[in-house]
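Next come the chains, spelled out residue by residue.
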Amino acid sequence: MSGFVFSEKPIRIDRGEGPYLYDDSDTEYLDFGASYAVTPVGHCHPDVVSAAKDQLEELMFVQASYPNDARDACYERLASVAPDGIENVWLCNSGTEANEAALKFARSATGRQKIVATQRGFHGRTMGSLAATWKDKYKKPFEPLAGKFEAVPYGDAEALSEAVDEETAAVIVEPIQGEGGINPAPEGYLEAAREQCDETGAALVFDEIQTGLGRTGEFWACESEGVVPDILTSAKGLASGLPLGATLCRDWIAADAGPHGSTFSGNPVVCAAATATLDALVDEELPTHAAEMGTYLHEEIEAADLPIRDVRGRGLMTGIEVKRGSNRLLRDLALNHRILALPAGRSVLRLLPPLVIEEEHVDRLVGALAETMDATTES
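In every chain, residue numbers begin from 1 and rise along the written sequence. In keeping with the model being predicted, local features are shown solely for residues with a pLDDT of at least 70 and side-chain atom pairs are shown and tallied solely at 80 or more, while totals for entire chains, interfaces and linings include all residues. To obtain the side-chain values, all non-hydrogen atoms of the structure were used and water was disregarded.

Student: Explanation requested: the packing of helix H2 (residues 46-58) against helix H10 (residues 268-283) in the structure shown.
Tutor: If you want to describe how two helices pack, look at the angle between their axes and the distance between the axes. Fitted lines through C-alpha atoms serve as axes, helices being fitted only where they are in contact, and the angles separating the N-to-C directions of these axes extend from 0 to 180 degrees. Strands here mean DSSP runs of E at least two residues long; helices mean DSSP runs of H or I at least four residues long; both are numbered from the N terminus. Two elements in contact, H2 and H10, have axes separated by 8 Å at closest approach and are oriented at 155°. Considering their axes alone, H2 and H10 lie roughly antiparallel with respect to each other. Once H2 is placed against H10, the crossing between them reads as right-handed. In this structure, H2 contributes Asp47, Val48, Ala51, Ala52, Gln55 and Leu56 to the contact, and H10 contributes Pro268, Val269, Ala272, Ala273, Ala276 and Thr277. In this scheme, roughly parallel covers angles under 35 degrees and roughly antiparallel covers those over 145, while 65 to 115 is roughly perpendicular and the rest are oblique. Should the near helix be turned anticlockwise from the far one by less than a right angle, the crossing is left-handed, and should it be turned clockwise, the crossing is right-handed. Contact between two residues is taken to exist if any of their heavy atoms lie within 4.5 Å; hydrogens are not considered.

Student: What is the right way to read the sheet that holds strand S10 (residues 203-207) from this model?
Tutor: In a beta sheet, neighbouring strands pair by backbone hydrogen bonds and run either parallel or antiparallel. Note: two strands are recorded as paired if DSSP finds a minimum of 2 bridges between them. Spatially, the seven strands line up as an open sheet ordered S4-S12-S11-S10-S7-S5-S6, and their pairing is mixed. Of all the strands in the sheet, the pair left with one neighbour each is strand S4 (88-92) and strand S6 (149-152). When strand polarity is set aside, the average angle formed by the axes of neighbouring strands in this sheet is 20°. Here S4 pairs with strand S12 (residues 245-249) via five bridges, running antiparallel. Bridge pairing in S12 places Leu91 opposite Ala246. The strands that helix H3 (residues 69-81) touches are S4 and S12; relative to S4, the one it contacts most, it runs at about 125°. Packed onto the sheet, helix H8 (residues 189-200) meets strand S5 (114-118), strand S7 (168-173) and S10 and runs at close to 150° relative to S10.

Student: Mind showing me how you'd approach the nonpolar core here?
Tutor: Side chains that are nonpolar tend, in soluble globular proteins, to be buried together. If you look at the biggest cluster of nonpolar residues, it comprises 80 residues, and the most contacted ones within it are Leu78, Leu248, Ile320, Leu349 and Leu369. Here the element with the most residues in this core is H10; it accounts for nine residues. Setting aside residues no more than four positions away along its own chain, Leu369 makes contact with Leu306, Ile320, Leu329, Leu333 and Leu349. Counting 21 residues, the second-largest nonpolar core is a separate cluster that includes Leu103, Ile115, Ala117 and Ala132. We call a set of buried residues a nonpolar core when its members are Ala, Val, Leu, Ile, Met, Phe, Trp, Tyr or Cys and they connect through side-chain atoms within 4.5 Å of each other. Between buried and exposed lies partly exposed: a residue is buried under 20% and exposed over 50% of the maximum accessible area for its type, with that area taken using a 1.4 Å probe on protein chains only.

Student: How should I be thinking about the sheet that holds strand S1 (residues 13-17) in this particular structure?
Tutor: Read from one edge of the open sheet, four strands run S1-S2-S3-S15, paired in mixed fashion. Each of the sheet's edge strands pairs with one partner strand only, and the pair in question is S1 and strand S15 (339-340). As judged from the four bridges shared by S1 and strand S2 (residues 20-23), these two strands associate in the antiparallel manner. Across the sheet, residue Glu17 finds its bridge partner in S2, namely Tyr20.

Student: How do you make sense of unusual backbone geometry when you look at a structure like this?
Tutor: Note: most peptide bonds trans; most residues except glycine with negative phi. Along the chain, Glu143 connects to Pro144 via a cis peptide bond; the corresponding omega equals 5°. Following the sequence through the fold, Pro144 ends up in the loop between helix H6 (136-139) and S6. A positive phi is found at Arg120, a non-glycine position, where the angle reads about 70°. Within the secondary structure layout, Arg120 lies in the loop between S5 and helix H5 (127-131). The backbone of Leu213 shows a phi angle near 65°, a positive value even though the residue is not glycine. If you trace the backbone, Leu213 turns up in the loop between S10 and strand S11 (231-234).

Student: It is not clear to me how the side chain of Asp230 should be interpreted in this structure. Could you clarify?
Tutor: Position of Asp230 among the secondary structure elements: in the loop between S10 and S11. A polar contact of 3.0 Å, which involves the side chain of Asp230, links it to the side chain of Trp252. Ignoring any residue separated from it by four or fewer positions in sequence, one finds Asp230 in contact with Arg194, Ala202, Ala203, Leu204, Leu248, Cys249, Arg250, Trp252 and Ile253. Under the rule applied, a polar contact is a pair of N or O atoms within 3.5 Å (in protein, one hydrogen donor and one hydrogen acceptor; residues adjacent in sequence only if both atoms are side-chain atoms).

Student: Looking at this model, I keep getting lost on the packing of aromatic side chains. Mind explaining?
Tutor: The description of an aromatic ring pair uses the distance of the two centres, along with the angle that the planes make with each other. Side-chain rings of Phe, Tyr and Trp, where Trp is taken by its six-membered ring, are said to pair if the distance between their centres is within 6.5 Å; with planes under 30 degrees apart they count as stacked, over 60 as edge-to-face, and otherwise as tilted. As enumerated under the stated definition, the model contains five aromatic pairs in all. Measuring from centroid to centroid gives 5.7 Å for Tyr154 and Tyr189, while their planes differ by 65°, and the two rings are edge-to-face. Linking Tyr154 in the loop between S6 and helix H7 (157-163) with Tyr189 in helix H8, this pair joins segments that are 35 residues apart in sequence. The exposure class of Tyr154 is buried, given its relative accessible area of 10%. Relative to Trp220, the ring of Phe219 has its centre 5.4 Å away and its plane inclined at 65°; by these criteria the two rings are edge-to-face. For the pair Phe219 and Trp220, a shared accessibility class is recorded, and that class is buried.

Student: Help me understand the pairing of strand S17 (residues 348-351) in this model?
Tutor: Put simply, side chains in a regular strand alternate between the two faces of the sheet. Burial along S17 is two-sided: Val348 and Arg350 and Leu349 and Leu351, pointing in opposite directions, are all buried. The pairing of strand S16 (residues 342-343) with S17 spans two bridges and is antiparallel. Residue Pro343 lies in a different strand from S17, and its bridge partner there is Leu349. With antiparallel pairing between neighbouring strands as the criterion, S16 and S17 make up a hairpin whose turn holds four residues, including Gly345 at a positive phi of roughly 90°.

Student: Explain the side chain of Ser129 to me, please; I cannot follow it from the model alone.
Tutor: Tracing the sequence through the fold places Ser129 in helix H5. Classification of Ser129 by relative accessible area gives buried; the value is 0%. Apart from the residues lying within four places of it in its own chain, the contact partners of Ser129 are Thr96, Asn99, Glu100, Leu103, His123 and Gly124.

Student: What's the story with the environment of Glu166 in this structure? I'm lost.
Tutor: Position of Glu166 among the secondary structure elements: in the loop between H7 and S7. Note on Glu166: relative accessible area 55%, which makes it exposed. Glu166 sits 155 residues away from Ile11 along the chain, and the two C-alpha atoms are 51 Å apart. Filtering out sequence-adjacent residues up to four positions away, Glu166 remains in contact with Arg112, Glu199 and Thr200.

Here is the structure:
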């Protein structure tokens, strides 16, 4: 019997270490996708593995109503790396659940219903998060969706200003769109969103599920703009691949968040892995390393003079817009060069490698891209 939702790829992965994955015949693959940014400190980081194992032997689970050391440590560590002014943490199991909580908290705290999202945005696949997501292919099979949502063009401050009013509970936005094609917010856009929310009393929600945890060169992508939201969501690599999401809130949101819960909120084993992951990100200065490697990656792509339309992003969140479609390129990279990457739509190659990659890994990728694109052009 096999699963019926995912389209499985013809590579059976057995293990991972650092920036590498290995299949069932022990073939090594360089991972430039990190399973959608889920392994920021590399596969099977020894400190994360050790923390999870130690906790597994002490306490596998107790509901969040009962305090325990692993969960308290995770709360404290997350609060310590959150943007200034955000001190409250709610834990869950995934990014979409973190966004569901964010939207519920915003509605409860403001007493309003309307949510403003952006075109090309992606916020998850459960019913509330899906309503804030743009692509019809994700939404159509499940309509009608919940709630009162309005989508505005991403990066258009004027359109945002016209949409956000005294009936708006929240604005939810990605500082850099991931699924939408690796689209960084234009300079001043996040600040304009902050100002409009302040004027109307709406909550500003930054979905940092893909952009956070050092990926863009700052711990959180919003820090490069100096803008602090009312709610920030995180997941993906928060526990190095164990299921964990987090909704981080300012006091005024937390004070009136309303009744909400999750059976597995703050699982002790997952919390131990998360604290170790956050420690590794800070102690190994991986956000700074991501900034350096991101600059090197962009420079090498430009120097290679590849037949592409654009390269964009920040840090180790990079999108390469190609001329002939991304699926064939992804297949050739995997099968011919043993490099795994991701799509972001039909024409964008998405690179989200573990933050531990070095120049030699970038060189290998760029060389493979040049060879693959040359072969594609000739054919």
